[in-house]
Amino acid sequence: MMPMDRTLDRRFFATAAILLCFVMFVGFARNYYLRAWIGTRPLTVLAHVHGLVMTAWVALFAVQTFLISRRRVARHQKLGYWVAGLSAVVVLLGIVTIAAAIARRRPGVDLGTALWVFVAYDGLSVLLFGGLVAAAIAKRRTPWAHKRLMLMAMLSLLPPAFGRLVAYFTHADVEIIVLCLMYASVAIVIGADWFRTRRPYAAVAIPALLIIVVNQLTYFAQVHT
């Protein structure tokens, strides 16, 4: 890459990070970030902890992207240990939160049904996020792959935010609208990356395919539970 290309590259990932963080904030504004002023239903202690951990993850993702855009590579690498630890907490707490929701909303269900509801409650997206972050950490010495895998990991977390965002406007066909938004998001990332580089990257294409498959399975589980 030429110097100007690297500058454009940093701007692309910084802009993508800002947009993803914005979607997460707006999606959870009513039920979490602004709930003190809007007055939505009370949250459990587990939900509060989950919200705090997810907020910390999103904030750390934004900080890491900002550090790279400012060429603070050493600080970015030092914070990488926190990224690894926090991502593990996000996955574990996400699984626990979904399990608690299943126990609360579907008491007494058998294991097979519980697993199917786990998929419907975006459980596969949580697992995919963990897998993509693990792959990004493994590729931390290959910058072009690392940053794309981290971006796709963040993208994989969007379905719950999209779901709440869509519910601001309608409670009809939320699942299919979220699915379409995820397809559109994946297409935008692939298209933007291709437009800048004129080449395909496995670190985008493979996660994109996995995100599509996971969200298609989630949609199928949602309409059949």
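Residues numbered from 1 in each chain as written. Predicted model: local features only at pLDDT ≥ 70, side-chain atom pairs only at ≥ 80, totals over all residues. Heavy atoms only, no water.

(A) Structural detail: the environment of Ala62. Checked against the element boundaries, Ala62 lands in helix H3 (residues 45–69). Each C-alpha atom, one on Ala62 and one on Cys21, is 7.4 Å from the other, the two residues being 41 residues apart in sequence. (Helix = DSSP H or I, 4+ residues; strand = E, 2+ residues; numbered from the N terminus.)

(B) Highlighting the nonpolar core. Ranked by internal contacts, the top residues of the largest apolar core, which has 54 residues, are Trp57, Phe129, Met152, Met154, Leu155 and Leu158. Sequence-distant contacts of Trp57, that is, excluding residues within four places in its chain, are made with Val83, Leu86, Ser87, Val90, Phe129, Val133, Met150, Met154 and Leu157. (Core = buried A, V, L, I, M, F, W, Y, C linked by side-chain atoms within 4.5 Å. Buried < 20%, exposed > 50% of the residue type's maximum accessible area, 1.4 Å probe, protein only. Contact = heavy atoms within 4.5 Å.)

(C) A look at the packing of aromatic side chains. By the definition in use, this model includes six aromatic pairs. Considering the side-chain rings of Phe12 and Phe13, the 4.9 Å spacing of their centres and the 80° angle between planes classify their relative orientation as edge-to-face. Judged by relative accessible area, Phe12 falls into the buried class, the value being 16%. When the centroid spacing of 5.9 Å and the interplanar angle of 80° are considered together, the rings of Trp116 and Phe220 count as edge-to-face. Residue Trp116 is located in helix H5 (residues 111–120), and its partner Phe220 is located in helix H10 (residues 202–223); the two are separated by 104 residues in the primary sequence. (Phe/Tyr/Trp six-rings, centres within 6.5 Å; stacked < 30°, edge-to-face > 60°.)

(D) Quick peek at the pattern of salt bridges. This model, assessed by the stated rule, comprises two salt bridges. A salt bridge links Asp193 to Arg148, with the nearest nitrogen and oxygen atoms 2.9 Å apart. Of this pair, Asp193 sits in helix H9 (residues 174–197) while Arg148 sits in helix H7 (residues 143–156), placing them 45 residues apart in sequence. Arg148 carries the same exposure label as Asp193, and that label is buried. Its salt-bridge partner being Asp193, residue Arg196 comes within 2.5 Å of it at the nearest N-O pair. Taken together, the residues Arg196 and Asp193, both in helix H9 and three residues apart, mark about one turn of the helix. Of the residues examined, Asp193 reaches a relative accessible area of 3% and is grouped as buried. Shared partners join several salt bridges into a network, and the residues in it are Arg148, Asp193 and Arg196. (Salt bridge = Lys/Arg side-chain N within 4 Å of Asp/Glu carboxyl O.)

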